[in-house]
Amino acid sequence: MGQLARRLGVPDAVVIGLGSMLGAGVFVVFGPAAAAAGGAGLLPALLLAGFIAYCNATSSARLAARYPESGGTYVYGRERLGPLAGFVAGWGFVVGKTASCAAMALTIGAYLWPGQARLVAVGAVLAVTAVNLRGIGKTATATKVLVAVVLAVLALVAVVGVSGGGLDLDRLGDSGGSSRGVLTAAGLLFFAFAGYARIATLGEEVRDPRRTIPRAVPLALGAVLAIYLALAVVTLGVLGADRLADSAAPLVDVVTAAGLPGLAWVVRAGATIAVVGVLLSLVAGVGRTTLAMARRRDLPGALAAVHQVHQVPHRAELAVAAVVIVVVLLGDVRDAIGFSSCTVLVYYAITNAAALTLGRDADRRLPVRVLAGLGLVGCLLLAANLPFGSVVAGFGVLAAGVVGYLALGARRRPE
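Quantities reported herein were computed from a predicted structural model and do not represent experimental measurements.

> Explain the pattern of salt bridges residue by residue, including any values.
Side chains that differ in sign of charge can pair as their charged atoms come close. By the definition in use, this model includes two salt bridges. Asp298 serves as the salt-bridge partner of Arg78, at 3.4 Å between the closest nitrogen and oxygen. Note that Arg78 is positioned in helix α4 (residues 73-81) and Asp298 in the loop between α12 (264-295) and α13 (314-330), a separation of 220 residues in sequence. Across the pair, exposure class does not vary: Arg78 and Asp298 are buried alike. The partner of Glu317 in a salt bridge is Arg288, and the shortest N-O contact between them spans 2.5 Å. Note that Glu317 is positioned in helix α13 and Arg288 in helix α12, a separation of 29 residues in sequence. As far as the burial class goes, Glu317 and Arg288 line up, both buried.

> Tell me about the environment of Pro214, and please be specific about residues and values.
Residue position: Pro214 is located in helix α10 (residues 209-246). Between the C-alpha atom of Pro214 and that of Ala61, which follows or precedes it by 153 residues, the distance is 4.7 Å.

> With reference to specific residues and values, describe the packing of α4 against helix α14 (residues 336-355).
At a minimum axis distance of 9 Å, the contact between α4 and α14 shows a crossing angle of 40°. Taken together, the axis directions place α4 and α14 in an arrangement best described as oblique. Our pair here, α4 against α14, has a crossing hand that is left-handed. Taken together, the residues of α14 that come into contact with α4 (itself represented by Thr73, Tyr74, Tyr76, Gly77, Arg80 and Leu81) are Tyr347, Ile350, Thr351, Ala353 and Ala354. When its residues are assigned to classes, the contact of α4 with α14 shows seven nonpolar, three polar and one charged.

> Give a description of the environment of Leu329 that names residues and reports values.
Tracing the chain through its elements places Leu329 in helix α13. Using a relative accessible area of 46% as the deciding quantity, one classes Leu329 as partly exposed. When neighbours within four sequence positions are excluded, Leu329 is seen to be in contact with Arg118 and Val122.

The rules behind each value
Residues numbered from 1 in each chain as written. Predicted model: local features only at pLDDT ≥ 70, side-chain atom pairs only at ≥ 80, totals over all residues. Heavy atoms only, no water. Salt bridge = Lys/Arg side-chain N within 4 Å of Asp/Glu carboxyl O. Helix = DSSP H or I, 4+ residues; strand = E, 2+ residues; numbered from the N terminus. Buried < 20%, exposed > 50% of the residue type's maximum accessible area, 1.4 Å probe, protein only. Axes fitted to C-alpha atoms, helices over the stretch in contact; angles between N-to-C directions. Parallel < 35°, antiparallel > 145°, perpendicular 65-115°, else oblique. Left-handed = near helix turned anticlockwise from the far one by under 90°. Contact = heavy atoms within 4.5 Å. Nonpolar A, V, L, I, M, F, W, Y, C, P; charged D, E, K, R; others polar.

Quick look at the structure:
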């Protein structure tokens, strides 16, 4: 079986993590999260989502250093908890992130050409797949460019929001919402952090993974949390809770409210670039988890092929792209954020459960087992408090996958 080439250092891995996260949260999630959390609940919800993501990141980093191969928690669950746990993690990741890919592609279409959003979305999927098929080095290079542009746009929004005269910090304490609303908002906001583990799914392509992965994951997560907090303060302070909750494009509304509507096109362009970056990394991550599952015959074995020249799982990535295009053309992905959050929170619950089986690292001062336990409980709590339809759909698809896995057990591949 072909092996992937190790080409990524710490900076490349951090950039891929940033490219996976930036965009999904800033341009998509703040509005629904504000609607769920109420005025004063948005920032606590963001901090809660960030803390649970940190717990997950700690567990992911420890496990990825122990098992430096493609597949992420699909591999960790199999190795630490058994084949069924690994399958649930891998299946949840693949179906949840495939829905996310479709949602991101349709977002690109909505920004660039609303009247032909599905056509543009298909073109975006084909374009990012073509980049990924050229090799992970090309993916990292493209992501660096995208991240630089997005950071510049986000900095512009923050500066305009602060200097435009409409920032009112008293709005950060607006009343409203409930503890349940904060949990729901945190579950939705978790969607914005989930990309940090893309570094772990690329573990087979990282140089010196025992050193690189534990450093890259917290760096990427910490940088994104700081950016999200700053922008949450600006958007809430400029728009207020009610207007933010109703906004489909909050960062565009910030520059408009600040008296510079001419900059709206810059923000829309930045949003498009950000979502392209997310889609680029999403397709790469789902393709590599598909590769890992195919290697063990939890998915068709033909998907385990690695291209001899470009050293990428080309069949897996083409299969993922095909499914995403079908969803884009035929499916309704308006609830994709909630569905994806539910399945991915279950994925990380398994990550933390697997990490609890590791011995405490002698060279770490952090109570890593406590963090893993908090991450496990937190993931399940957030998943259970997502919108009802998302919970039913997410757990329903996971259950269907388990039924299929067990039904085909007698025919499954040898270990």
